[in-house]
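One-letter residues, chain by chain:
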Amino acid sequence: MGRIFVVDLEGRTYRCKFCKTHLALADELVSRSFHCRRGKAYLFNSAVNITYGPHEERMMLSGMHTVADIFCCCCGQIVGWKYEAAHEKSQKYKEGKFVLERGRIMDGVDSEFYIDTRPTMIMSDAEDV
């Protein structure tokens, strides 16, 4: 196995929930109205830092599709699937797009801010003498 090179995205990102690896840019988000067996899912134009499983025919709520499961390249967790082909004309817009399962990703904004909740000691000038 070769060396894994990880792409770091700039801007608002969606990351792997398990290892925090960047997976997609918020600018590439197409739809938040997708669903999977585990709950909500998001449709993206592109994704990075993923590996692909084998192509398989899968019956979805919207009809038969050829899909490939996608995995985080760092931790190996399944994070969603890629639409390889749609068999119905009305679903062709999904071809080549990526679905990331909401329960397996996190919004990069959630993890960028650290709020120190420890109490701080405030000293006045009078206490310095």
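- As recorded in an unreviewed UniProt entry, the protein chain goes by the name Protein yippee-like, listed as coming from Penstemon smallii.
- What the UniProt record of the protein chain gives under Sequence similarities (unreviewed entry) is the line "Belongs to the yippee family."

### Focus: the state of the cysteines
Here is step 1: Per the counting criterion, the structure on display carries 0 disulfides.
Here is step 2: Left without a disulfide partner, Cys 16 is nearest to the cysteine sulfur of Cys 75, which lies 3.6 Å away.
Here is step 3: Not engaged in a disulfide, the cysteine Cys 74 finds its nearest cysteine sulfur in Cys 73; these two sulfurs lie 4.0 Å apart.

### Examining the sheet that holds strand 6 (residues 63-72)
Here is step 1: The sheet built from 6 strands is open, its strands ordered 3-4-8-7-6-5 with antiparallel pairing. With partners counted over all chains shown, the strands left at the sheet margins are strand 3 (29-36) and strand 5 (50-60), one partner each. The average angle at which neighbouring strand axes cross in this sheet is 30°, direction not considered.
Here is step 2: Here 7 bridges tie strand 6 to strand 7 (residues 78-86), and the two strands are oriented antiparallel to one another. Directly across from Ile 70, in strand 7, lies its bridge partner Gly 80.

Parameters at a glance
- Residues numbered from 1 in each chain as written.
- Predicted model: local features only at pLDDT ≥ 70, side-chain atom pairs only at ≥ 80, totals over all residues.
- Heavy atoms only, no water.
- UniProt positions renumbered as here; feature names shortened; annotations may be inferred.
- Disulfide = S-S within 2.5 Å.
- Pairing = 2+ DSSP bridges.
- Helix = DSSP H or I, 4+ residues; strand = E, 2+ residues; numbered from the N terminus.
- Axes fitted to C-alpha atoms, helices over the stretch in contact; angles between N-to-C directions.

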